[in-house]
Protein chains: 2
Amino acid sequence: MSEPNAAPVPRLSPEGSDAYRIDPNALEAFVADMLRRTGVPAEDAAIAAASLVGADVRGMNSHGMIRLPVYVRRLKAGGFNPVTTVNVVREGPSTALIDGGNGLGSVLTTRAMDLAVQKARSTGIAAVGIRNSNHNGENAFYVQRAVAQDMIGIATTNGSPIMPVWGGRTPLTGPLPIAIGVPAKRHRPIVLDAALGMSSRGKILYYAEKGMELPEGWLVDAEGEPTRDPNWVRKGGWILPIGGHKGFGLILACEILSGLLTGGSFGTELTNLYDDLDTPQRNGHFVAAIDIAAFTDVASFKARMDEYIEMMKASELVPGTDEILMPGEIEFRKADDARANGIVLARNVMDEVLAAARELGLETGETA
Amino acid sequence: MSEPNAAPVPRLSPEGSDAYRIDPNALEAFVADMLRRTGVPAEDAAIAAASLVGADVRGMNSHGMIRLPVYVRRLKAGGFNPVTTVNVVREGPSTALIDGGNGLGSVLTTRAMDLAVQKARSTGIAAVGIRNSNHNGENAFYVQRAVAQDMIGIATTNGSPIMPVWGGRTPLTGPLPIAIGVPAKRHRPIVLDAALGMSSRGKILYYAEKGMELPEGWLVDAEGEPTRDPNWVRKGGWILPIGGHKGFGLILACEILSGLLTGGSFGTELTNLYDDLDTPQRNGHFVAAIDIAAFTDVASFKARMDEYIEMMKASELVPGTDEILMPGEIEFRKADDARANGIVLARNVMDEVLAAARELGLETGETA
């Protein structure tokens, strides 16, 4: 614990009164050092740090530094195994099943996608399932690894029960995410990463803070009755799936691929990231890679993607819209800005990260 | 044309004043005979008839007999090629790309799914793309072929442009469907087949007929402004995707898999089923099969599916709900009833089918 910092504390430039501007590369190195001090091997710590900081870089702060303190607490308490072993328990030419042994979700899913890409290169399409994993952050991170190899990447996961199934009011699933990445040529790849709920908890809390009513169809109260009162999100209400029963069906498909097909856990068997910190979460994940070259010429596919993107961008616009945006385009713009000018992080979030770092024996100097 | 009927006209038992009750097997044989008379080979006619009548059996009348007259007109006009050739233009261990040569969508997609199942049996997962196809009916039909082989089936398609992309008001895509089928043990398989729009045209026309206002978020007017007036669906308004930009992203994924990955047509290149009857529609489709045995023990998977279905069905219910229904469960119940007691079809729909049959030289006797 008296070992000196392997990476210096990133410079925290005040940004207004309640935020810092921080160089993402310096932050990533510092986060990796923190993770190494919990026993995570260097290569895995680099992956987990890239996943967490990458979310903040893309403006998806809900999956970034805000999660790091609980990751550290779980690593110390045994709720995450610091040493992740990729144990392939079943394998075919185009498939593999990994038992994650309570390792880090981001490390397991990265390895799984890389294995899917490798298999898809031989057979055209491949899928890898993971069981006994944990929180794995932003699924956009994994599908982009396939995109970088001229493949279409697909990723989903299950999660602890915070949402009922359609018609019910017992929490059995969540607004599970599905991510799909597709390369283009001149244009940025299409990177969809959508939780299948009508809105996020964070957005609804923003409505509550501003005293605004919600649009119809986002939230129900604790009895399951439709409500426009955002405060119900804190009082046992829940967010509805997109498209009602249709979104429920898609969520169920994510749960089946992640939890059932993998022989892993499902529904009430999963533990929330913030509960029982010494208990494995038991998440399952499912990733797939489709080799574009198995279907068509890659260069012509990418040129046609550009053509379709331009066809869409040339649309006449609805009132109040400035331009047609592709899935992931806002995040690419935010990432460009963050890489050039630093990421802006809430002061209270970074202060908690630094407190966690000090507990790990790191020098953090004067802050705030 | 003077050849006698190969299958008798099904008995049309009056059901109220504006419907008939009909034996589905007799109807299927009759429809197959109609299709054969346009030049469709017997085996393909049987597939197309099973797909069309199967939709009515499941209560999905929008994809059943209502489509048959335009199928016949397209077959006669050259807009559908009666002789479907499954031309595999690219193939790998887990993939194939079929050029449909303007053949029948249902025949092509059936063959594609069977090929995907066969390949998945060897490699664990397989996907088949189809280009230069046509309207292929209900995607639930194809995923159930995979389910019958203890596999998870996935199917999607693109379609003629009737919906703008998110933020636009130029029609460039549609409320494209995604279908997923998963076997269980004691319980019926889960068969999700969801168009990714907030509602169907038919349902919105029903609101218009009853003089009812629509819920928020279903429809916009011709300028793209939100409206609760269902009549806009007939006046240049359009149905919104489920979950706004999220549903748009999922629709885009369906379009990319069906139209771009296949080297086929996309966006404005497609022709509507009811327009230009001598012109190929140029739809693309994408199907995949996942062999459950490649990931886990099939019997234990099915038992766990039952367990999860029962966990969901044991939920406390929201007000106004009688039971938790799985995706596809209503359709299985309707199919049980239709197989036992006959399907109920609107008189005007059946009258158009019989008129088309007479034009093909079939005897239809006295009707109505």
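Residues numbered from 1 in each chain as written. Chains lettered and ligands numbered in written order. Predicted model: local features only at pLDDT ≥ 70, side-chain atom pairs only at ≥ 80, totals over all residues. Heavy atoms only, no water.

Caption draft 1: Main features of the overall build of chain A. Within chain A one finds ten helices and 13 strands. A compact globule built from 368 residues would reach a C-alpha radius of gyration of about 21 Å, and chain A, at 21 Å, matches this within 12%. Its C-alpha atoms give chain A principal-axis dimensions of about 55 × 55 × 40 Å. For chain A, the proportion of contacts with a sequence separation of at least 24, taken over those separated by at least 6, is 66%. Total accessible area computed for chain A in this model is approximately 13,800 Å², and 50% of it derives from carbon and sulfur atoms. When the 35 basic and 44 acidic side-chain charges of chain A are each reduced to a single mean position, those positions are 2 Å apart. (Helix = DSSP H or I, 4+ residues; strand = E, 2+ residues; numbered from the N terminus. Rg over C-alpha atoms; globule rule 2.2 N^0.38 Å. Contact = heavy atoms within 4.5 Å. Areas by Shrake-Rupley, 256 points an atom, 1.4 Å probe, with all protein chains shown as cover. Lys, Arg positive; Asp, Glu negative; His and termini not counted. Charge placed at Lys NZ, Arg CZ, Asp CG, Glu CD.)

Caption draft 2: Broad picture of the confidence of the model for chain A. Per-residue confidence for chain A averages 95 on the pLDDT scale, and 99% of its residues sit at or above 70. Interface scoring of the predicted complex returns ipTM 0.96; its pTM is 0.97. (pLDDT = per-residue confidence, 0-100.)

Caption draft 3: Layout of the packing of aromatic side chains. Evaluated as defined, the whole model comprises ten aromatic pairs over all chains. With centroids separated by 5.4 Å and ring planes inclined at 90 degrees, the aromatic side chains of phenylalanine 141 of chain B and tyrosine 142 of chain B adopt a geometry described as edge-to-face. The ring of tryptophan 232 of chain A has lysine 235 of chain A sitting right over it, with the charged end atom 4.4 Å from the ring centre. (Phe/Tyr/Trp six-rings, centres within 6.5 Å; stacked < 30°, edge-to-face > 60°. Lys NZ or Arg CZ within 6 Å of the ring centre and 35° of its normal.)

Caption draft 4: Broad picture of the relation of the copies chain B and chain A. Mapping chain B onto chain A is achieved by rotating through 180 degrees and translating by 0.0 Å along the same axis, at an RMSD of 0.0 Å. What the rotation and shift describe, once combined, is the action of a two-fold rotation axis. Taken together, the interface assignments show that 100% of the residues at the interface of chain B recur at the interface of chain A, consistent with an identical surface on both copies. (Least-squares fit on C-alpha atoms with pLDDT ≥ 70 in both.)

Caption draft 5: The sheet that holds strand β3 (residues 87-92) of chain A, seen in detail. Residues and elements named next belong to chain A. The strand order β3-β4-β5-β12-β6-β7-β8 describes an open sheet built from seven strands, whose pairing is mixed. The two strands at the open ends of the sheet, each matched to only one other strand, are β3 and β8 (190-195). The sheet shows a mean angle of 10 degrees between the axes of neighbouring strands, direction not considered. One ladder, built from five bridges, connects strand β4 (residues 95-99) with strand β5 (residues 125-133); its direction is parallel. By the bridge assignment for β5, leucine 97 is matched with glycine 129. Together, β6 (151-157), β7 (177-182) and β8 form the strand contacts of helix α5 (residues 140-147), whose direction differs from that of β6 by roughly 160 degrees. (Pairing = 2+ DSSP bridges. Axes fitted to C-alpha atoms, helices over the stretch in contact; angles between N-to-C directions.)

Caption draft 6: Structural detail: the environment of glutamate 316 of chain A. As for its position among the elements, glutamate 316 of chain A is in the loop between α8 (298-313) and α9 (329-341). Considering only alpha carbons, one finds glutamate 316 of chain A and valine 57 of chain A, 259 residues apart in sequence, at a separation of 31 Å. Filtering out sequence-adjacent residues up to four positions away, glutamate 316 of chain A remains in contact with Gly167, Gly168, Arg169 and Thr170 of chain B.

Caption draft 7: Structural detail: the pattern of salt bridges. Under the criterion given, the structure shown has 44 salt bridges over all chains. In this structure, arginine 188 of chain A and aspartate 336 of chain A form a salt bridge, with 2.9 Å as the shortest nitrogen-oxygen distance. Taken together, the residues arginine 188 of chain A in the loop between β7 and β8 and aspartate 336 of chain A in helix α9 connect sequence positions 148 residues apart. Judged by relative accessible area, arginine 188 of chain A falls into the partly exposed class, the value being 37%. Measuring nitrogen to oxygen at the nearest pair gives 3.2 Å for the salt bridge that ties arginine 333 of chain B to glutamate 329 of chain B. Residue arginine 333 of chain B and its partner glutamate 329 of chain B are located together in helix α9 (residues 329-341), separated by four residues, close to a single helical turn. Judged by relative accessible area, arginine 333 of chain B falls into the partly exposed class, the value being 39%. When its relative accessible area of 15% is taken as the criterion, glutamate 329 of chain B is described as buried. (Salt bridge = Lys/Arg side-chain N within 4 Å of Asp/Glu carboxyl O. Buried < 20%, exposed > 50% of the residue type's maximum accessible area, 1.4 Å probe, protein only.)

Caption draft 8: Structural detail: the sheet that holds strand β12 (residues 226-227) of chain B. Residues and elements named next belong to chain B. Ordered in space as β12-β11-β13, the three strands form an open sheet in which the pairing is antiparallel. Sheet topology places β12 and β13 (238-239) at the edges, where each strand pairs with a single neighbour. Of the pairings in the sheet, the one linking strand β11 (residues 219-220) to β12 comprises two bridges and is antiparallel in character. Across the sheet, residue valine 220 finds its bridge partner in β12, namely proline 226.

Caption draft 9: Quick peek at empty space enclosed by the protein. In the structure shown here, the tally under the stated rule is three cavities of 30 Å³ or more. Roughly 510 Å³ of volume is contained in the largest cavity. Lining the largest cavity we find 30 residues, and of these Ile154, Ile178 and Ile180 of chain A together with Ile154 and Ile178 of chain B sit closest to its centre. The set of elements that each furnish at least two residues to the lining of the largest cavity consists of β6, β7, α7 (245-260) and β12 (283-291) of chain A together with β6 (151-157), β9 (177-182), α7 (245-260) and β14 (283-291) of chain B. Looking at the lining of the largest cavity residue by residue, the classes come out as 28 nonpolar, two polar and no charged. (1 Å grid on protein atoms, 1.4 Å probe; cavity = no way out; pocket = protein on both sides within 12 Å on 5 of 7 lines; lining within 4 Å. Points joined across faces, edges and corners; volume = space filled by probe spheres on them. Nonpolar A, V, L, I, M, F, W, Y, C, P; charged D, E, K, R; others polar.)

Caption draft 10: A look at the interface of chain B and chain A. Each partner contributes to the interface: chain B provides 86 residues, whereas chain A provides 86 residues. Taken together, the connections running from chain B to chain A amount to four salt bridges. Notably, a salt bridge pairs glutamate 316 of chain B with arginine 169 of chain A, separated by 3.2 Å at the nearest N-O pair. Linking chain B to chain A there are 24 residue pairs in polar contact (both at pLDDT 80 or more). Tallied by class, residues from the side of chain B that touches chain A come to 50 nonpolar, 23 polar and 13 charged. (Polar contact = N/O pair within 3.5 Å; in protein donor to acceptor, adjacent residues only side chain to side chain.)

Caption draft 11: Local environment of the packing of α7 of chain A against helix α8 (residues 298-313) of chain B. It is at 12 Å that the axes of α7 of chain A and α8 of chain B come closest, and there the two elements cross at 140 degrees. The angle between α7 of chain A and α8 of chain B places the two elements in the oblique class. When the axes of α7 of chain A and α8 of chain B are compared, the crossing they make is right-handed. Of the residues in α8 of chain B, those touching α7 of chain A at Phe248, Leu252, Glu255, Ile256, Gly259 and Leu260 of chain A are Phe301, Arg304, Met305, Tyr308 and Met312 of chain B. Looking at the contact of α7 of chain A with α8 of chain B residue by residue, the classes come out as eight nonpolar, one polar and two charged. (Parallel < 35°, antiparallel > 145°, perpendicular 65-115°, else oblique. Left-handed = near helix turned anticlockwise from the far one by under 90°.)

Caption draft 12: Examining the environment of phenylalanine 332 of chain B more closely. Residues and elements named next belong to chain B. In this fold, phenylalanine 332 is placed in helix α9. A sequence separation of 66 residues divides phenylalanine 332 from phenylalanine 266, and the C-alpha atoms of the two residues are 33 Å apart. Contacts of phenylalanine 332, omitting those with residues within four sequence positions, involve Gln144, Arg188, Pro189 and Val191.

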